[in-house]
Amino acid sequence: MPEASQMPPSASPRDTRDKFLLWTLIASVVAAFAAWLSAALSLEVWVMFAGFIAWFTRPTSLANCLSAMLCLWLGIAIGAVSHIITGALMPSLNHMALPVVVFLVAMLIVGLRAREILGNMLAWFLGMVTFFAAEFDLAIASFAHLASATAIGGLAGYTCQTLNRRFAE
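Residues numbered from 1 in each chain as written. Predicted model: local features only at pLDDT ≥ 70, side-chain atom pairs only at ≥ 80, totals over all residues. Heavy atoms only, no water.

Visitor: Give a description of the pattern of salt bridges that names residues and reports values.
Guide: Overall, the coordinates contain two salt bridges when judged by the stated rule. Residue Asp 18 is joined to Arg 14 by a salt bridge in which the shortest nitrogen-to-oxygen separation is 3.9 Å. One end of the pair, Asp 18, and the other, Arg 14, are both in helix α1 (residues 13–40), four residues apart, so they sit about a helical turn from each other. You can call Asp 18 partly exposed: its relative accessible area is 31%. Between Arg 17 and Asp 18 there is a salt bridge whose closest N-O contact spans 3.5 Å. Here Arg 17 falls in the partly exposed class, since its relative accessible area comes to 35%. Via salt bridges that share partners, Arg 14, Arg 17 and Asp 18 belong to a single interconnected network. (Salt bridge = Lys/Arg side-chain N within 4 Å of Asp/Glu carboxyl O. Helix = DSSP H or I, 4+ residues; strand = E, 2+ residues; numbered from the N terminus. Buried < 20%, exposed > 50% of the residue type's maximum accessible area, 1.4 Å probe, protein only.)

Written out as structure tokens, the structure reads:
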């Protein structure tokens, strides 16, 4: 909570505390609903939270948040591609295949950091973590599953952000 000297003249400590509590309540209700919806749709709740986290990596504007979701989904895709390439390189590079592929993928992702739409490194790497942690088969259904669950998280992030801007800020 900000110190009294940092508060606008019209905001009392009670108003600030009330808004803090309301923001917390809204975020908690939205997260709980997203978790319930994910479970009801037989989607992993932790994957939904990857979308929720990605949404809030740059919550300054709708465009930044949508960019974060795109980077998350591209991170999932590049995780799959890196998995395939690592497997293909294993016969020739043996234990060096993984570091070579990680180096190349990191060069790509870190190299994009200054790009307006594709520059969210955190969301890219979160997508890769999501792909590898899910341990799904390389199939369209797997990607649809991951995209659906993370989209619920992104939608929850949007809902939380919208409600909090309207009622708690």
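Once the structure has been displayed, the description carries forward.
Visitor: Break down the packing of aromatic side chains for me, with residues and values.
Guide: Overall, the coordinates contain six aromatic pairs when judged by the stated rule. Relative to Tyr 158, the ring of Trp 55 has its centre 6.0 Å away and its plane inclined at 80 degrees; by these criteria the two rings are edge-to-face. Of this pair, Trp 55 sits in helix α2 (residues 45–55) while Tyr 158 sits in helix α6 (residues 140–167), placing them 103 residues apart in sequence. Judged by its relative accessible area of 3%, Trp 55 is buried. Seen in terms of ring centroids, Phe 131 and Phe 143 are 6.2 Å apart; in terms of plane orientation they differ by 5 degrees. Their pairing is stacked. Residue Phe 131 is located in helix α5 (residues 121–134), and its partner Phe 143 is located in helix α6; the two are separated by 12 residues in the primary sequence. A relative accessible area of 6% places Phe 131 in the buried class. (Phe/Tyr/Trp six-rings, centres within 6.5 Å; stacked < 30°, edge-to-face > 60°.)

Visitor: Go over helix α3 (residues 62–93) with me, naming the residues and quoting the values.
Guide: The terminal C-alpha atoms of α3, which comprises 32 residues, lie 43 Å apart, in line with the 46 Å expected from a rise of 1.5 Å per residue. At Gly 87, α3 is bent by approximately 25 degrees, the largest bend along its length, and proline Pro 91 sits one to four residues beyond. Phi turns positive, to about 55 degrees, at Asn 94, one or two residues after α3. (Expected span 1.5 Å × (residues − 1). Bend = angle between axes of the 7 residues up to and from the residue.)

Visitor: Explain the nonpolar core to me, and be specific about the residues and the numbers.
Guide: Val 30, Ala 34, Met 48, Phe 131, Leu 146, Ile 152 and Ala 156 are the most contacted members of the largest nonpolar core, which totals 18 residues. Excluding anything up to four places from it in sequence, Ile 152 contacts Ala 34, Leu 37, Ser 38, Leu 41, Leu 43 and Met 48. (Core = buried A, V, L, I, M, F, W, Y, C linked by side-chain atoms within 4.5 Å. Contact = heavy atoms within 4.5 Å.)

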